[in-house]
Amino acid sequence: MEKVLYHYKAVVTDVYDGDTCTVDIDLGLHTWIKGEKLRLNRINAPELKGTERTKGLKSRDHLRNIINGKEVYIETIKDKKEKYGRYLAEVWFEESKGKFLNINDKMVKDGFAIYKKY
């Protein structure tokens, strides 16, 4: 069976850590989902607690600098949630007209996360 992907415009309202953010999602027709937590798909960033705290704070701050308060596009797989109930998503930022940057890949490329399969 082929995966069915859904694409939405969203506004990032908070960044919890280097792989988790909160968004308001535009479903179209003046309908919004507010405060949805998303887990960036395919990556893992250092935690904010324990021995990884320093790296975790740097990772969180890097993601905040890129997308917090900005409009993004998210790509989700229907009803695909991870163990904490957050939707898994690919997050895209439009750098310039028609040129999109995958934020998940950028976090790895910039050294603030690693690829991880869930």
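Refer to the preceding data block for the structure.
Residues numbered from 1 in each chain as written. Predicted model: local features only at pLDDT ≥ 70, side-chain atom pairs only at ≥ 80, totals over all residues. Heavy atoms only, no water.

## A word on the overall build of the protein chain
The cut-off we apply is this: Secondary structure elements are defined from DSSP: runs of H or I of at least 4 residues count as helices, runs of E of at least 2 residues count as strands, and each element is numbered from the N terminus. Both definitions apply: the radius of gyration is a C-alpha atom measure, and the globule rule equals 2.2 Å times residues to the power 0.38. By definition, residues are in contact when any of their heavy atoms lie within 4.5 Å. The method behind every accessible area is Shrake-Rupley, applied with a 1.4 Å probe, and residues are considered shielded solely by the protein chains displayed.
Within the protein chain, the secondary structure is distributed over two helices and eight strands. Counting helices and strands in the order they occur from the N terminus, the protein chain gives β-β-β-β-α-β-β-β-α-β. Whereas a compact globule of 118 residues would reach a radius of gyration of roughly 13 Å, the protein chain reaches 14 Å, a difference of no more than 12%. For the protein chain, the C-alpha atoms occupy an extent of roughly 45 × 35 × 25 Å along the three principal directions. Looking at the protein chain alone, contacts between residues at least 24 apart form 53% of all its contacts between residues at least 6 apart. Taken as a whole, the protein chain presents about 7600 Å² of accessible surface, with 52% of it coming from carbon and sulfur.

## Remarks on unusual backbone geometry
The backbone of Leu29 sits at a positive phi, close to 55 degrees, despite the residue not being glycine. Positive phi values are uncommon outside glycine, yet His30 reaches one of about 60 degrees. Looking at the element boundaries, His30 is found in the loop between strand 2 (20–28) and strand 3 (31–40).

## Points about the nonpolar core
If you look at soluble globular proteins, the nonpolar side chains tend to sit buried side by side. Threshold: Remark: nonpolar core denotes a set of buried residues (Ala, Val, Leu, Ile, Met, Phe, Trp, Tyr, Cys) joined through side-chain atoms within 4.5 Å. Residue burial is assigned from relative accessible area. The probe radius is 1.4 Å, only protein chains are included, and a residue is buried under 20% of its type maximum, exposed over 50%, and partly exposed in between.
In this structure, Cys21, Ile67, Val72 and Ile103 are the most contacted members of the largest nonpolar core, which totals 22 residues. Put simply, the parts of the chain that give this core at least two residues each are strand 1 (5–17), strand 2, strand 3, helix 1 (53–67), strand 5 (71–81), strand 6 (87–96) and helix 2 (103–109). Those residues within four positions of Ile67 in sequence are excluded, and the remaining contacts are Val12, Val15, Cys21, Val72 and Ile103.

## Re the pairing of strand 7 (residues 99–102)
Defined as follows: A pair of strands is labelled paired if DSSP reports no fewer than 2 bridges between them.
Across four bridges, the pairing between strand 6 and strand 7 is antiparallel. Residue Glu94 lies in a different strand from strand 7, and its bridge partner there is Phe100. The loop that links strand 6 with its antiparallel partner strand 7 comprises two residues; one of these, Gly98, has a positive phi angle of about 85 degrees.

## What to know about the packing of aromatic side chains
The cut-off we apply is this: Two aromatic rings from Phe, Tyr or Trp, using only the six-membered ring of Trp, form a pair when their centres are within 6.5 Å; if the ring planes differ by under 30 degrees the pair is stacked, by over 60 it is edge-to-face, and anything between is tilted. Charges are assigned to positions over rings by a cutoff of 6 Å between ring centre and Lys NZ or Arg CZ, combined with an angular limit of 35 degrees from the ring normal.
Taken as a whole, this structure holds one aromatic pair when the rule is applied. Geometrically, the ring pair formed by Tyr73 and Phe100 is edge-to-face, given 5.5 Å between the ring centres and 80 degrees between the ring planes. Linking Tyr73 in strand 5 with Phe100 in strand 7, this pair joins segments that are 27 residues apart in sequence. What makes Tyr73 partly exposed here is its relative accessible area of 24%. The class of Phe100 is partly exposed, set by a relative accessible area of 38%. The side chain of Lys34 reaches across the aromatic face of Trp32, ending 5.4 Å from its centre.

## Some details on the side chain of Asp17
Let me state the cut-off plainly: Asp and Glu are treated as the negative residues and Lys and Arg as the positive ones, with His and the ends of the chain left uncounted. Salt bridge, as used here, is a side-chain nitrogen of Lys or Arg placed within 4 Å of a carboxyl oxygen of Asp or Glu. By the criterion applied in these results, polar contacts are pairs of N or O atoms within 3.5 Å in which, for protein atoms, one can donate a hydrogen and the other can accept it, and in which residues neighboring in sequence qualify only through two side-chain atoms.
Relative to the assigned elements, Asp17 resides in strand 1. Here Asp17 sits buried without a salt bridge, and the closest side chain of opposite charge, Arg86, lies 5.2 Å off (N-O distance). Separated by 3.0 Å, the side chain of Asp17 and the backbone nitrogen of Asp19 make a polar contact. Leave out the neighbours within four places in its chain, and Asp17 touches Glu47, Leu48, Arg60 and Leu63.

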